[in-house]
Every structure is written in C-alpha cells, then in structure tokens.
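Commentary on secondary and tertiary structure
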Amino acid sequence: MTTGPGPRTPAALHAFAIALAASTLPLIFIGGLVTSTGSGLAVPDWPLSFGQFFPRMVGGVFYEHGHRMVAATVGFLTVVLAIWTWLVDTHAIVRRLSLLAVGTVDTQGLLGGLTVILLLPPAVSVAHACLAQAFLCVTVTLAVLTHPAWSPATTRPQDAGLARLTLAAAATVYAQLILGAIMRHTGAGLAIPDFPLAFGRLVPPFDSGAVVIHFLHRLGAAAVATVVVWSALRIVRTHAGDRALVRPALLALVLVATQVTLGALTIWTQKAVLPTTAHVACGAAILGTLVVLALRARRAPAAARSPQPLFTSTERVPA
C-alpha cells in the first residue's frame, strides 16, 4: 500500500474492521446451516422467537435462533464500527462505507424477517443470500481501506490490466454466488444427480428449469476457476515479488480447488449438511479474497517485468 496526504486511520480501528469482516464468514456459514437443516421456519415469528428473546434452543430452533443471535451481534459490531469511523479522523470514503455497511446489515435483518413472515418465498430467500455476500464485500473493503497506510488513489492504476482482471474475477464470483443462491432456494441442488458428468453426459437434457439452473451453476464454476487461475498466473508472472498480491492470489486458487471438491461432495452425499454448508461458506471466502485482491491490484505498481512466455527456447535462429 502507498502512503499519501490525509488522515491516518488508527491501527485499533483497522483491527476492529478486520474482526468485523472475519465475523461475517461464520454468520454466512450459520445462515447456510439454517437452510441445510431445513430450520428456516423452526421459529414461526419475528423479531421475537415464540414471543421470547431467548426460547429453548432445541431442534431447528438452535440453528434459526442461533443465526438471529449471531446476526444481531454482527449488526451491533457494524454500528460500533460506523460510530468509531465518525469519531476519529478517517477518510471520507471510509465513513461513507461504514454507513453503507449499517444500511446493508439493517436491510439484511429485515429480509431475514420477511423470509419467516412470508414462509420462505424463494425470491426473498435469494435476495437475503445475495445481500449477505454484498455485506461481506463492504466489510472486507472497510478492512482494507482502514489500513493506517492507505490513502485515496489520485491517479489511475499503474497496472490497469491487472486491476480490470481482478475486478472481473470478483464480479464473476459474485454472479456465481447468485446462481448458487437461486439453485439452493429453488430446490435445484440435486436436479443433476451425478458429477462430474450430468446424467452420464457432458451436457444434460434441459427438460426442466431446475436442470437449467443447476447446469448454469456448473458452467459458472468453470468460469470462476478460469478467471482465478488467469489472475494468479498474471500476478505470478508480473508481480512475483509483491506478497500483498501473490498471497491472496494463491489463497484464491486453494479455495477454488476446495470449493470444487465441496461441490462434488454435495452431490455425492445427496446434500449432506456439512459439505453443503461448507460449500456456501467457501464461496463467500473466495469472494472476500478476490475483493482484497482487486483492491490491492488498484495500488499495484507497474509490472516489475514484462510478461514472459511460459516456455522459452535457447536455440539460435539460423541467419
């Protein structure tokens, strides 16, 4: 990161922002457990639970009310962060993003309530899942921008190609998570019951909307893997000495490999709770990692060396 004129965010605030972003992943995992265990309507009322603040935590109530408690905690931490950013000397964009985080988490809570009140309509459930990923993006961005050495960019990225590529990678992952949410909340998770083939074929018969949704999600996985590998190769070839770029790029590769494995296990185990829920959380982790990478790529210096071919020849060309 590069320093520049303007306020210097306190290190404690940066650490708190990191903690908030990190807490969002367990929240998404627990939210996934609610769906995976079929506990979405275990508590029939909202905002209270059976008319109480703390009902008996038995059966599906443990997952549903537990999710509400964790969500409330994350919401409280978000408000604390927003107040803190306005009490200290921080950059204007950080203060605006902190307010966006509060608005996002409040809207997310309302959508969560609507899923219960309206008896889990797919449209609201999908919106709830997608907004959770958007909230993750905001909190991860806050964690990056509150670094004491960060300052607003005054010029275009020096390596504009890398900045565009990593941004496209993050956008591709978010689109894939939308497809995943649609598949999950429309009951299309096992519309294609085998993997890696589809009904024993490369391309399945598109005889239902559920099959189309499921197959699009598989194509999306291929697109994610392609753009993440492309980004990692680009970084290793041109910014090998920049650990701030190399580390998240390599982490993204590991997470994508893990995600493909979890997706396969979800099919092979007929949507067992643990691999299915871990698949949701790992997707969020990939998105968060690529948001970090995209933000850092905008500050990356010009390529340390020009991209070289993967294979070179030492033979002389005859005159």
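These figures come from a predicted structure and were not determined experimentally.

1. Some details on the environment of A129
Relative to the assigned elements, A129 resides in helix α4 (residues 122–145). You can call A129 partly exposed: its relative accessible area is 23%. Along the backbone, A129 and W150 are 21 residues apart, and their C-alpha atoms lie at a distance of 31 Å. Leave out the neighbours within four places in its chain, and A129 touches A181 and H185.

2. Description of the packing of helix α6 (residues 209–238) against helix α7 (residues 243–268)
Their axes nearest at 9 Å, the elements α6 and α7 cross at an angle of 160°. Judged by the angle between their axes, α6 and α7 are roughly antiparallel. Between α6 and α7 the crossing geometry is left-handed. Residues H214, R218, V224, A225, V228, V229, A232 and I235 of α6 pack against L245, V246, A249, A252, L253, V256 and I267 of α7. Each residue belonging to the contact of α6 with α7 can be placed in one class, and the counts come to 13 nonpolar, one polar and one charged.

3. Here we look at α4
Here α4 contains 24 residues, and its C-alpha end-to-end distance of 35 Å stays within 8% of the 34 Å for a straight helix at 1.5 Å per residue. Within α4, 19 of the 24 residues are buried, which leaves the element mostly enclosed by the surrounding structure.

4. Describing the pattern of salt bridges
On inspection of all chains with the given rule, the structure shows two salt bridges. Among the salt bridges present, the one from R68 reaches E64, with a minimum N-O distance of 3.1 Å. One end of the pair is R68 and the other is E64, both in helix α2 (residues 60–87) and four residues apart, which spans about a single turn. Residue R68 shares its accessibility class with E64, and that shared class is buried. Here R234 and D159 are joined by a salt bridge, their closest N and O atoms 2.9 Å apart. With R234 in helix α6 and D159 in the loop between α4 and α5 (160–185), this pair connects stretches of sequence that are 75 residues apart. Judged by its relative accessible area of 22%, R234 falls in the partly exposed class. Taking the relative accessible area as the measure of exposure, D159 reaches 6% and is therefore buried.

5. Observations regarding a nonpolar patch on the surface
Together, L197, L202, V203, F206, V212, L216 and L219 make up an exposed nonpolar region whose accessible area comes to about 640 Å². By the element assignment, L216 lies in helix α6. Residue classification places L216 among the partly exposed residues on the basis of a relative accessible area of 40%.

6. Things to note about the packing of aromatic side chains
Taken as a whole, this structure holds four aromatic pairs when the rule is applied. An angle of 80° between the planes, with centres 5.4 Å apart, marks the rings of F62 and Y63 as edge-to-face. Assessed through its relative accessible area of 28%, Y63 is described here as partly exposed. Lying across the ring of W86, R95 places its NZ or CZ 5.4 Å from the centre.

7. Thoughts on the packing of helix α1 (residues 11–36) against α2
Contact pair α1 / α2: the axes reach a minimum separation of 9 Å and the direction vectors enclose 160°. Regarding the angle of α1 to α2, the classification is roughly antiparallel. Seen along the crossing, α1 lies across α2 with a hand that is left-handed. Listed contacts from α2 to A12, L13, F16, A17, L20, S23, L27, I30, G31, L33 and V34 of α1 are Y63, E64, H67, V70, A71, V74, L77, T78, V80, L81, W84 and T85.

Reading the values: the criteria
Residues numbered from 1 in each chain as written. Predicted model: local features only at pLDDT ≥ 70, side-chain atom pairs only at ≥ 80, totals over all residues. Heavy atoms only, no water. Helix = DSSP H or I, 4+ residues; strand = E, 2+ residues; numbered from the N terminus. Buried < 20%, exposed > 50% of the residue type's maximum accessible area, 1.4 Å probe, protein only. Contact = heavy atoms within 4.5 Å. Axes fitted to C-alpha atoms, helices over the stretch in contact; angles between N-to-C directions. Parallel < 35°, antiparallel > 145°, perpendicular 65-115°, else oblique. Left-handed = near helix turned anticlockwise from the far one by under 90°. Nonpolar A, V, L, I, M, F, W, Y, C, P; charged D, E, K, R; others polar. Expected span 1.5 Å × (residues − 1). Salt bridge = Lys/Arg side-chain N within 4 Å of Asp/Glu carboxyl O. Patch = residues over 30% accessible without salt bridge, like charges linked within 9 Å, V, L, I, M, F, W, Y side chains within 5 Å. Areas by Shrake-Rupley, 256 points an atom, 1.4 Å probe, with all protein chains shown as cover. Phe/Tyr/Trp six-rings, centres within 6.5 Å; stacked < 30°, edge-to-face > 60°. Lys NZ or Arg CZ within 6 Å of the ring centre and 35° of its normal.

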